[in-house]
Amino acid sequence: MRRGVQGLGAIGLLVLALVLWRSRGSDQPATPTKPTETTGSAQHHRTHTDVPRGRPWFAPLGIGGRRIAGVVTTADGAPVGGAIVRIGSDASSAGLVAAPRLVTDDNGRFDAGELAALPYIVSAEARGLTPALQAIDAGSPNTRPPVDKLHLVLHPCVASIHGTILDTASGVVPGARVTITDGDGILGGGVDADARGAYELCVAPGGQWIAVTADGYAAHTTSVTVFGRTRRDFELVPGATVVGRVVRAADQTAVAGALVELRGRDRDTLPLRTTSNEEGRFEIAGVPPGRHYLTAAADRLSTAEPVDVDAQIGTPADDVVCPLVAAYAVMGTVVEQNSGKPISGVTVHVASTERTAREPSAVSQPDGSFVIERVIPGEYQLMTNVDPWAPPEQRRVQVASADLTGVVVELARGGTIAGRVLHEGKPVAGTQVRTEGGPFWGTTDHEGRFSLEHVPPGGYKLYAESHRHGAFARSKDVAVIAGETQNIDLELDLAGSIEGIVVDQTGAPVPSVFVRFTLLGGEDYGAATTAEDGTFKARSLSGGGNYAYEVRKSDTSPLVFPPAQSKRFSPVYVGDGNAHVTGLRIAIRYERHTIAGTVVDADGTPQPDVVVRAERVDNRFAPASSTSTDARGAFTLRDLPTGAYVVEARSVSGEIEEEKVEAGRMGLVLKLRPFTAIEGRLQGFTTTPQVFARNESGEGYDGRLRGDTFRFRDLAPGTYEVIALSQSEVGMTRTTTTPGTPVTITIAKLATGTIEGTVRDEKTRRPLAEVHCRSELRGGDRKLTFTYTMGDETTTAGTFRLERALPGVHDITCTSLTATVTGTATVLAGQVARVELVTAPRAKPRVPRAGLDFEEQFGDLRVKSVVAGGPAARAGVAVGDALVKFDNAVAEDWPEWRPQLEIEEKQIGDAITLVFERGDKQLTVVLVLE
């Protein structure tokens, strides 16, 4: 019914909007009408350097500057005078230019003058109101509203985060900056922590990215989901410094004025940027300890591959050399198929087939033209935001040693979905509107209007939700017709709610925990965070059934607090989208233990600034708690419920995992196991392969390939198989690594053959098209030996071709929706093995059924639906029952498809015994399969 991506919200959609244009560069010097200054919140992690004067290299080719101006108002339309407006970009966060900082006049207006036509984050803030953040692309001619008529709305502060900024020694960090951000390094409005490290920041209800920065500490970013006043403490670790030089790869000469970007391999690392000076030197402070990578770009120059960086506290920074290679432009037009009419406002980006570091992009202009700059030589596929799933064989381009011109991107003529979002008859600003299951989305303006352009013809379901109003719209069907605009209004009329309080096992209120509800047998959910008195209100519910629920430490934490008394909470019934349930009392077992210890190296020396994480043994999707060791190598993991954990310590030199550590454990000693590495060279390859490795446990690792050399870092000692694989060539070898010592190997191209075949129908002997055929080499040590499959789809002549087949016997399987056939082929090096496969239609299977379906809900396998009159219904099974046993097998950790798989392996007429839990009672039923 709604919300196909439950956690997307404001965070996911804002980041999605930035993905295609984040790598395109940034703004030019601004000429605002109000005083400007460099954003102070970004200064702590970079060193500003003078940039050579002249035309900014990051200004887009062929597009003039765009005036950026607008107005800031309250939700009821009143102008907000004295509001602070910031206009940030990649370039301003790097120090290439000053970020305009404007103050609105008495009419709430601001005017930054003409800026380069590039992406920006525009933010506005005023005392007592929630800051607003808006992503714009001044290079797009279709921006709505136009970039010189922006309208930012500041709402009342109905949600906020507050708490204390701590360091890893459990002290406080006074003056730390807590800022709303786009999640990719552009900072908006925020607050400074006081002398006690305390802060409070108004945020939009729902999801928001937050950055925490302070001098001498590593920048930290995270997502928060709150619906009221919620406590969030942040712990900062000391920051390291990365220094280096940007040079031309061809002659090692310095590159001045390059934009240098450092990204961490940890999701909580804020991207850091700076600029190289006249000598090509740069310095980035505030870097978290650990592994990172650098990229850089300059005028017609770019990094070919990310440069690995190891950041360590207290270790002198080594010069990092960041080489840039010549980069070129891809120029073309976006046009309609058949008519050739230009299409504007389409984002085109280059997707590399050789795994390069950057994927630059551009937006088509009114004449359909686009210029994608700083593309390094290689093979690419041109992708667009209109048809992101276009077949990979379409729109391939090759960039050699010159600009590529005359490229034509043809798109089927699309239509437009436009309209308004209303709540109780009034327009709603800032609401996300999207097509379910598709890439088309937008945000309503201050009048509640939206427009989704270039939508391919077809049927869609349109959906909108507002966390601020606690309501969402019923999905509406809309038929898009090429060249036409479909006008549709969405009323946010589903606003059911559940209100209550969360208490612990003693009856005391529990603040700042996350409560999530989900409709049993349906597709609806709601969430809330508890206030200081433990109360909550989950809104935006469609109702129509029972809701299961759980209580977590936070929205992103896997730590679930169990019921204080029973095994699971009893569902709560919500009648419809206008029903409001009150008085729900949720009693949890609120236990907060610690795990404390020390991290040492192989010689027993304590190791400071090592990241330590604890993950639940039964849920390892995300860290339950994390911290860093202090100067004595000591750590304390806090707020852990009762249970067993995997505790992992990881530094740039090694890692260790300790299994099954019970909450409450003290004196744990974690001895780091030194990393090893595999380095090598390709031999005999004429194409560019991907290189990856796999260990005996089946874990896979991607290698970094530069020319004909490759490298794997951060490997645990052990035996690995290393594979080089391209579309037409393959090589592999096995090697054993030892702690701390890199291994050097060579991967030679192996002699291979080809399998050609035909698939025909058994009765008619006609060739069968669109049958997927794959082969797999028979034999070998399947525990370690890499077994790769080659696939191809038959043509209209029923033929398929499988290249890079290793010599030996191959098992071949060809499958379609209606038929399947298997065969074998013996492959000899350098030869073609031919095979003809004859397929018979599949007989319609008689599948045994028990008359029920399952779904996963909060760690339980629950009954999703019961077929009327079926075996389960006759036995009294009900929607929401939790399956705990299937015959004699414990089913608590089964995925939702597992019970049906077990049933289908039985025969019609067989009996199965299922044990369910309903509240605190158990129900045992015997079902005869039909």
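The rules we used
- Residues numbered from 1 in each chain as written.
- Predicted model: local features only at pLDDT ≥ 70, side-chain atom pairs only at ≥ 80, totals over all residues.
- Heavy atoms only, no water.
- Helix = DSSP H or I, 4+ residues; strand = E, 2+ residues; numbered from the N terminus.
- Buried < 20%, exposed > 50% of the residue type's maximum accessible area, 1.4 Å probe, protein only.
- Contact = heavy atoms within 4.5 Å.
- Areas by Shrake-Rupley, 256 points an atom, 1.4 Å probe, with all protein chains shown as cover.
- Pairing = 2+ DSSP bridges.
- Core = buried A, V, L, I, M, F, W, Y, C linked by side-chain atoms within 4.5 Å.
- Disulfide = S-S within 2.5 Å.
- Axes fitted to C-alpha atoms, helices over the stretch in contact; angles between N-to-C directions.
- pLDDT = per-residue confidence, 0-100.
- Salt bridge = Lys/Arg side-chain N within 4 Å of Asp/Glu carboxyl O.
- Phe/Tyr/Trp six-rings, centres within 6.5 Å; stacked < 30°, edge-to-face > 60°.
- Lys NZ or Arg CZ within 6 Å of the ring centre and 35° of its normal.
- Polar contact = N/O pair within 3.5 Å; in protein donor to acceptor, adjacent residues only side chain to side chain.

1. Remarks on the overall build of the chain
The helix and strand tally for the chain stands at 5 helices and 77 strands. The 930 residues of the chain split such that 53% are buried. Expressed as a percentage of contacts within the chain between residues at least 6 apart in sequence, the contacts between residues at least 24 apart total 64%. With the model as given, the accessible surface of the chain reaches about 40000 Å², and the carbon-plus-sulfur share is 48%.

2. Structural notes on the sheet that holds strand 56 (residues 673–674)
Reading across from one edge, 51-50-53-54-56 is the order of the 5 strands in this open sheet, with antiparallel pairing throughout. Here the strands that pair on one side only, and so sit at the sheet edges, are strand 51 (625–628) and strand 56. Across 4 bridges, strand 50 (residues 611–616) lies against strand 51 in antiparallel orientation. If you follow V611 over to strand 51, its bridge partner there is S628.

3. Some words on the nonpolar core
The biggest cluster of nonpolar side chains holds 25 residues, and the ones touching the most others in it are V242, V246, I284 and L294. Elements represented by at least two residues in this core include exactly strand 17 (240–248), strand 18 (259–264), strand 20 (281–287), strand 21 (290–298), strand 23 (307–311) and strand 24 (319–326). Ignoring sequence-local partners within four residues, the contact set of V242 consists of L262, F282, E283, I284, V287, L294, V309, A311 and V320.

4. Quick notes on the state of the cysteines
Taken as a whole and assessed by the stated rule, the structure comprises 2 disulfides. Here C157 connects covalently by a disulfide to C202, the sulfurs 2.0 Å from one another. Between C157 and C202 the sulfur-sulfur dihedral comes to about -105°; the bridge is accordingly left-handed. Of the two residues, C157 is situated in the loop between strand 8 (150–156) and strand 9 (160–167) and C202 in strand 12 (residues 198–202); the sequence distance between them amounts to 45 residues. With a relative accessible area of 17%, C202 lands in the buried category. Here C773 pairs with C814 through a disulfide, and the sulfurs are 2.1 Å apart.

5. Here's the deal with the sheet that holds strand 64 (residues 743–748)
Taken together, the 4 strands give an open sheet; going across it, the order is 60-61-57-64, and neighbouring strands pair in mixed fashion. Two strands close off the open sheet at either side, each with one partner strand: strand 60 (704–706) and strand 64. Strand-to-strand twist across the sheet, computed as the mean angle between neighbouring axes with direction ignored, equals 25°. The pairing of strand 57 (residues 676–683) with strand 61 (residues 709–715) spans 5 bridges and is antiparallel.

6. Description of the confidence of the model for the chain
Any segment with low pLDDT has predicted coordinates that should not be analysed in fine detail. Averaged over every residue, the pLDDT of the chain is 86; residues scoring 70 or more account for 89%. Within the chain, helix 2 (residues 40–43) has the poorest average pLDDT of any element, 33, and strand 41 (residues 496–503) the best, 97. For residues 1–54, every residue scores under 50 in pLDDT, and the model assigns this stretch 169 contacts once sequence neighbours within four places are set aside. Note that pLDDT drops below 50 for residues 781–785; the model gives that stretch 17 contacts with residues more than four away or on any other chain.

7. Overview of the pairing of strand 70 (residues 820–827)
Because side chains alternate across strand 70, one face comprises the buried residues V821, G823, A825 and V827, and the other comprises T820, T822, T824 and T826, none of which is buried. Two strands pair when backbone bridges link them, and strand 69 (residues 808–815) and strand 70 are joined in this way by 8 bridges, in the antiparallel orientation. Each residue of the ladder has a partner; that of T813, found in strand 70, is T822. Remark: 4 residues form the turn of the hairpin made by strand 69 and strand 70, two consecutive strands paired antiparallel.

8. Some thoughts on the pattern of salt bridges
This structure, assessed with the given rule, holds 51 salt bridges. Close ionic contact of R291 with D714 constitutes a salt bridge, the shortest N to O distance being 2.3 Å. Placement of the pair is R291 in strand 21 and D714 in strand 61, with a sequence separation of 423 residues. The same class applies to R291 as to D714, namely buried. The salt bridge involving R568 is made with D860; its shortest N-O contact spans 2.8 Å. Taken together, the residues R568 in the loop between strand 46 (560–561) and strand 47 (572–574) and D860 in strand 73 (residues 860–866) connect sequence positions 292 residues apart. Both residues of the pair, R568 and D860, count as buried. Taken together, the shared-partner salt bridges connect R291, D308, D310, R650, E655, R704, R713 and D714 into one network.

9. Considerations on the packing of aromatic side chains
Under the definition given, this model contains 11 aromatic pairs. Their ring planes at 90° and their centres at 6.3 Å tell us that F440 and Y460 sit as a pair that is edge-to-face. One end of the pair, F440, is in the loop between strand 34 (432–435) and strand 35 (441–443); the other, Y460, is in strand 37 (residues 458–466), with 20 residues separating them in the sequence. The same class applies to F440 and to Y460, which are both buried. Stacked on the ring of W894, the Lys or Arg R898 has its end atom at 4.2 Å from the ring centre.

10. A few points about the side chain of T181
Mapped onto the elements of the fold, T181 is located in strand 10 (residues 177–181). The class of T181 is buried, set by a relative accessible area of 0%. Looking at T181, its side chain comes within polar contact range of the side chain of D182, at 3.2 Å. Residues contacting T181, with those up to four places away along its chain left out, are L133, I186, L187, Q208, W209, I210, A211 and T221.

11. Thoughts on the environment of S160
The topology assignment puts S160 in strand 9. As a C-alpha pair, S160 and T130 span 30 residues in sequence and 8.6 Å in three-dimensional space. At 2.9 Å, the side chain of S160 and the side chain of E200 are in polar contact.

12. As for the pairing of strand 62 (residues 719–725)
If a strand is regular, its side chains alternate between the two faces of the sheet. In terms of residue burial, strand 62 counts as a mostly covered element, since 7 of its 7 residues are buried. With burial as the criterion, each face of strand 62 is covered, one bearing T719, E721, I723 and L725 and the other bearing Y720, V722 and A724. Bridge count between strand 58 (residues 690–695) and strand 62: 6 bridges; the pairing is antiparallel. By the bridge assignment, N695 is partnered in strand 62 with Y720. Examined bridge by bridge, strand 62 and strand 63 (residues 730–736) share 7 bridges and lie antiparallel to one another. Each bridged residue has a counterpart across the sheet, and for A724 the counterpart in strand 63 is G731.

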